[in-house]
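Observations on chain architecture
For reference, the chains in residue letters:
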Amino acid sequence: MLAFYQNHVHNVILPFWTPAVDTEHGGIFTCFDNSGEHRLSTDKYTWSQGRFVWLWSRIARMIKDGMLQGRAEVYLQQAQQTAQFLRKNVFLSNGNCVYVLSAAGEKKSDDSSLYADCFVLLGFSECANVSGDPELLEEACRLYDRLIIRLQTGAFRTDPYPIPAGYNAHSL
C-alpha cells in the first residue's frame, strides 16, 4: 500500500496542486474544474488555503522523514508563503477568519465560518511544527483559544454548511 500512496502523491496530488500556487500574491487558487485544467474563479476560500498549508507542510515533513521523495524546502517555503498570505489578510477585527478572499487578499465579505478558522489553525500548527516558527505557533494558539470560546458560547457559523435548527454536527 505504501508504494500505491507514494505513487498517488507524486503522480496525482502534487501535479494537480503545484500549478495552483499563486506566486504573485501568495496563497493558492482552488476553484478548478475536476480535470484541473480550467480555473473557474480566482477567489481564495480560507479553509482551502488552510488545508493547503497543512498538506504542503505535511509533505515537507514526510520528505524529511524519508517517506516521500522531493525537496522538502520547496514545499515548506510554499506552505509558509500561504500561511503569510493568510496572516496578512484573513483575520477580521474580532479575530475570526473571513470566509473568502480575492486573489490579492482583499476580504470579499465580513462573513466568517468556524470551519475556516479550524483549517487555518490546522495549517498554522503543522507549518509551525515543521518550520519551527514560534510566531506562527503563537498565532495558532490564539486562534485555538478563540475557537474554544466561540464553541462554548455558540457564537459561530458553519458556512457553507449551516447546521439546521434542532440538529448537532459531528464536526464540532
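So, here is what we can say about the structure in this document. Keep in mind that what you see is a predicted model, and the values were worked out from it rather than measured. (Residues numbered from 1 in each chain as written. Predicted model: local features only at pLDDT ≥ 70, side-chain atom pairs only at ≥ 80, totals over all residues. Heavy atoms only, no water.)

Moving on: the side chain of glutamate 139. Residue position: glutamate 139 is located in helix H5 (residues 134-153). By relative accessible area, glutamate 139 is classed as buried at 16%. At 3.3 Å, the side chain of glutamate 139 and the side chain of arginine 142 are in polar contact. The contact partners of glutamate 139, leaving out residues within four places of it in the chain, are Arg87, Phe91 and Phe124. (Helix = DSSP H or I, 4+ residues; strand = E, 2+ residues; numbered from the N terminus. Buried < 20%, exposed > 50% of the residue type's maximum accessible area, 1.4 Å probe, protein only. Polar contact = N/O pair within 3.5 Å; in protein donor to acceptor, adjacent residues only side chain to side chain. Contact = heavy atoms within 4.5 Å.)

What follows concerns the nonpolar core. In this structure, Trp56, Ile59, Tyr75 and Phe124 are the most contacted members of the largest nonpolar core, which totals 39 residues. Those elements that place two or more of their residues in this core are helix H1 (2-17), helix H2 (46-64), helix H3 (72-89), helix H4 (114-131) and H5. The dominant element in this core, judged by the number of residues it contributes, is H4, at eight residues. With residues near it in sequence (within four places) discarded, isoleucine 59 still touches Leu14, Leu68 and Tyr75. (Core = buried A, V, L, I, M, F, W, Y, C linked by side-chain atoms within 4.5 Å.)

Between H3 and H4, whose axes approach to 10 Å, the crossing angle comes to 135 degrees. Classified by the interaxial angle, the pair formed by H3 and H4 is oblique. As H3 runs across H4, the sense of the crossing is left-handed. Residues Leu76, Ala79, Gln80, Ala83, Leu86 and Arg87 of H3 form the contact with H4, whose own contacting residues are Val120, Phe124, Cys127, Val130 and Ser131. In the contact of H3 with H4, the residues fall into eight nonpolar, two polar and one charged. (Axes fitted to C-alpha atoms, helices over the stretch in contact; angles between N-to-C directions. Parallel < 35°, antiparallel > 145°, perpendicular 65-115°, else oblique. Left-handed = near helix turned anticlockwise from the far one by under 90°. Nonpolar A, V, L, I, M, F, W, Y, C, P; charged D, E, K, R; others polar.)

On the secondary structure map, lysine 44 appears in strand E3 (residues 44-45). Separated by 2.6 Å, the side chains of lysine 44 and aspartate 22 make a polar contact. For lysine 44, the side chain forms a polar contact with the main-chain oxygen of glycine 26, separated by 2.6 Å. Setting aside residues up to four positions removed in sequence, lysine 44 forms contacts with Asp22, His25, Gly26, Gly27, Ile28, Phe29, Gln49, Phe85, Val100, Leu101, Ser102 and Ala103.

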